[in-house]
Amino acid sequence: MQGDGAGQDQDSELSCCRNGAQNGESSSSGEAHSNGLESVTNNGNTVNNNNNNNGVSAPPESNNSNSTVDTRKKKRLSQCEEDVIRLIGQHLHDLGLNQTVDLLMQESGCRLEHPSATKFRNHVMEGEWDKAESDLNELKALMHSPSAIVRMKFLLLQQKYLEYLEDGKVLEALQVLRAELTPLKYNTERIHILSGYLMCSHAEDLRAKAEWEGKGSASRTKLLDKLQTYLPPSVMLPPRRLQTLLKQAVELQRERCLYHNTKLDSGLDSVSLLLDHACSRKQFPCYTQQILTEHCNEVWFCKFSNNGTKLATGSKDTTVILWHVDTETQQLKLMKTLEGHAYGVSYLAWSPDDAYLIACGPDDCSELWLWNVQTGELRTKMSQSHEDSLTSVAWNPDGKRFVTGGQRGQFYQCDLDGNLLDSWEGVRVQCLWCLNDGRTMLASDTHQRIRGYNFEDLTDRNIVQEDHPIMSFTVSKNGRLALLNVATQGVHLWDLQDRVLVRKYQGVTQGFYTIHSGFGGHNEDFIASGSEDHKVYIWHRRSELPIAELTGHTRTVNCVSWNPVLPGLLASASDDGTVRIWGPAPFLDVQEADGLNDCSGMDS
């Protein structure tokens, strides 16, 4: 309900008429229905109420004297029941079912809105601006915030001014501007803008510059919607209130659905209001779609490209394999193999435009490889010193620089040719990430913390402090949340802005192996992580308990990657030498589908 809503003590006066009172008193308009709203035409003819204030034929009189007594003994409606009747009545009126509305109001003893609001509505829709302005004086007594009358009057006069301009009545418009709008001493900046519309050469130019629908029911309806926000709902219901409530209910059910993984449709046409929303696990990436076996040793890392069309996997077998993702079938096909990483590949990072891929090795590796994805050629092989350890890398959002480092006590900022731009000494880096501002670099170090480093002003600050080693971390797209894999503790979610621990996710087995987790699904609502117990765990971001445990790997799962474009596609890399691609369940008939009620244990 609106913040200016009237108190409950007004409801008996404004919302309902009891004991034979006329429901929805007639407005000054000759075509107002007894429910307090304008009538509509039926096949071009105005509906005739035939002196029956309910809009329907009067039932035959009953000889049973008890009928009158029964009517008088009707149960008094609760406030909630009255509200529901008014909502239904408003919706029926919007559909043009005015006679039905009249009967509903008569039998319930309610009315849709206060008579003063009805007059006001009719005068606005008919463009009778002087009468509408006069109606405001009646409405003022019904409002908790009488000062809102000035704002409402301003909106009325603005519409009046624009309609005069569209009709070519420039002198009348100028009179409204000078003698009515300006004396209000409200929103002078808007008045200056309105005065500029006097220079418009034709109606189309005016509508374009004012971003206005033009004189008529469309702009007047929009005006009424704005005016209603200043009125208590007991006086005039907010527009399309029932549809608004239904949309909110549908959206809330979707948000609470643990498996909802598609874009929220704000409309009601695509859903049934007769059933609660519930997504099945079968629609979630719980099932093995494909097993990639081209690597011949442990697979340490996997990462989808930013556009979701490629997957890169790195292995102890010294190769990086690039896979093409068919977005229609969601099947992967080998594109090319990048060789020569003598120490193996433990980390990969796509450039923001997916043109380049950087590969890093394990702790004792002092080299970094920057590959051209399109040609498969090595652009840069970088090594600052044989004493270095270049085990992690992060791209600057501009795609022209990257930061790399390791546990030997330093990290560097370099260009695409490997030229050193800046360096930061004395930091043993476990993992790196560049924030969207392009200036702040996050680094987890051997002091069980994540610090922010700014290369421009050479400042650093503590952001996250854990009690155990941070083996890896990743950051959400908006830069607000960080997901940490913490040794012996599992997966932790931190708010980087407030610098607080938000949630600890349960189930995963995390020792001192480096395991990479990630955000994913629609709106990054989900979290997935590998585990030393050979499983992939998936959580809804706001739930500590896993919603799925994916089985199939036979050794530690080192890394998971969620496709950023296809929310139902997930990849996992394992020490068993395979990469598994997870997706929704394949097509099943109804009988089979009814029997699948758990992701766990069905995916191998």
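Residues numbered from 1 in each chain as written. Predicted model: local features only at pLDDT ≥ 70, side-chain atom pairs only at ≥ 80, totals over all residues. Heavy atoms only, no water.

Q: Help me understand the pattern of salt bridges in this model?
A: A side chain with one charge may pair with a side chain of the opposite charge, provided their charged atoms come close. Going through the model one piece at a time under the given rule, you end up with 22 salt bridges. Between Lys119 and Glu138 there is a salt bridge, and its shortest N-O distance comes to 2.8 Å. Residue Lys119 is found in helix H5 (residues 115-125), and its partner Glu138 is found in helix H6 (residues 129-140); the two are separated by 19 residues along the sequence. Overall, the relative accessible area of 34% leaves Glu138 in the partly exposed class. Put simply, Arg480 and Asp495 hold a salt bridge, and the shortest N to O gap is 2.7 Å. Here Asp495 lies in strand S22 (residues 490-495) and Arg480 lies in the loop between strand S20 (470-475) and strand S21 (481-486), a separation of 15 residues in the sequence. Residue classification places Arg480 among the partly exposed residues on the basis of a relative accessible area of 29%. Using a relative accessible area of 8% as the deciding quantity, one classes Asp495 as buried. A cluster of three or more residues bridged by salt bridges with shared partners is formed by Asp130, Lys160 and Glu180. (Salt bridge = Lys/Arg side-chain N within 4 Å of Asp/Glu carboxyl O. Helix = DSSP H or I, 4+ residues; strand = E, 2+ residues; numbered from the N terminus. Buried < 20%, exposed > 50% of the residue type's maximum accessible area, 1.4 Å probe, protein only.)

Q: Any chance you could explain the pairing of strand S4 (residues 299-304) here in plain terms?
A: Along any regular strand, the residues point their side chains to alternate faces of the sheet. A large share of S4 lies buried, amounting to five of its six residues. Note: S4 against strand S5 (residues 310-315), five bridges, orientation antiparallel. Note that in S5 the partner of Phe301 across the bridge is Gly314. (Pairing = 2+ DSSP bridges.)

Q: What exactly am I supposed to notice about the side chain of Asn454 here?
A: Structurally, the position occupied by Asn454 is in strand S18 (residues 449-454). Residue classification places Asn454 among the buried positions, given a relative accessible area of 12%. Beyond its immediate stretch of four places on either side in the chain, Asn454 contacts Trp424, Arg439 and Thr459. (Contact = heavy atoms within 4.5 Å.)

Q: Can you help me understand the pairing of strand S23 (residues 500-505) in this one?
A: Two strands pair when backbone bridges link them, and S22 and S23 are joined in this way by five bridges, in the antiparallel orientation. By the bridge assignment, His492 is partnered in S23 with Lys504. Connecting S22 to the next strand, S23, in antiparallel fashion are four residues, including Arg499 with a positive phi near 60°.

Q: So what exactly am I meant to see when it comes to the sheet that holds strand S7 (residues 332-338) here?
A: Consider a sheet: its strands pair through backbone hydrogen bonds, and that pairing is either parallel or antiparallel. Taken together, four strands build an open sheet; the order of strands is S4-S5-S6-S7 and the sheet is antiparallel. Edge positions in the sheet fall to S4 and S7, since each of these pairs with one other strand and no more. Between one strand axis and the next, the sheet turns by 20° as a mean value, whatever way the strands run. Bridge count for strand S6 (residues 320-325) against S7 is six bridges, and the pairing is antiparallel. Considered in S7, the bridge of Val320 is made with Leu338. (Axes fitted to C-alpha atoms, helices over the stretch in contact; angles between N-to-C directions.)

Q: What is the right way to look at helix H3 (residues 79-94) in this model?
A: An α-helical turn contains 3.6 residues, so a residue and the one three or four places further along point in the same direction. With 16 residues, H3 ought to run about 22 Å at 1.5 Å a step, and its terminal C-alpha atoms sit 23 Å apart, in line with that. Where H3 is buried, its residues contact helix H4 (98-108) and helix H12 (241-256). Trailing H3 by a residue or two, Gly96 shows a phi angle of about 85°, which is positive. (Expected span 1.5 Å × (residues − 1).)

Q: How do you make sense of the nonpolar core when you look at a structure like this?
A: As a rule of thumb, nonpolar side chains are buried together in soluble globular proteins. Leu311 and Phe402 are the most contacted members of the largest nonpolar core, which has 45 residues in total. Judged by nonpolar contacts, the second largest core, of 21 residues, contains Val124, Leu142, Ile149 and Leu224. (Core = buried A, V, L, I, M, F, W, Y, C linked by side-chain atoms within 4.5 Å.)

Q: Can you help me understand the environment of Thr459 in this one?
A: Positionally, Thr459 belongs in strand S19 (residues 459-465). You can call Thr459 partly exposed: its relative accessible area is 38%. Along the primary structure Thr459 and Thr440 are separated by 19 residues, whereas in three dimensions their C-alpha atoms are 9.5 Å apart. Not counting residues within four places of it along the chain, the set of residues in contact with Thr459 comprises Trp424, Gly452, Tyr453 and Asn454.

Q: Is there a simple way to think about the sheet that holds strand S11 (residues 378-382) in this case?
A: The four strands lie next to each other as S8-S9-S10-S11, forming an open sheet whose pairing is antiparallel. Two strands close off the open sheet at either side, each with one partner strand: strand S8 (347-350) and S11. Averaged over all adjacent pairs, the angle separating strand axes in this sheet is 15°, with direction ignored. Bridge count between S8 and strand S9 (residues 356-360): four bridges; the pairing is antiparallel. What sits directly across from Ala349, in S9, is Ile358.

Geometric values such as these leave the question of function open.
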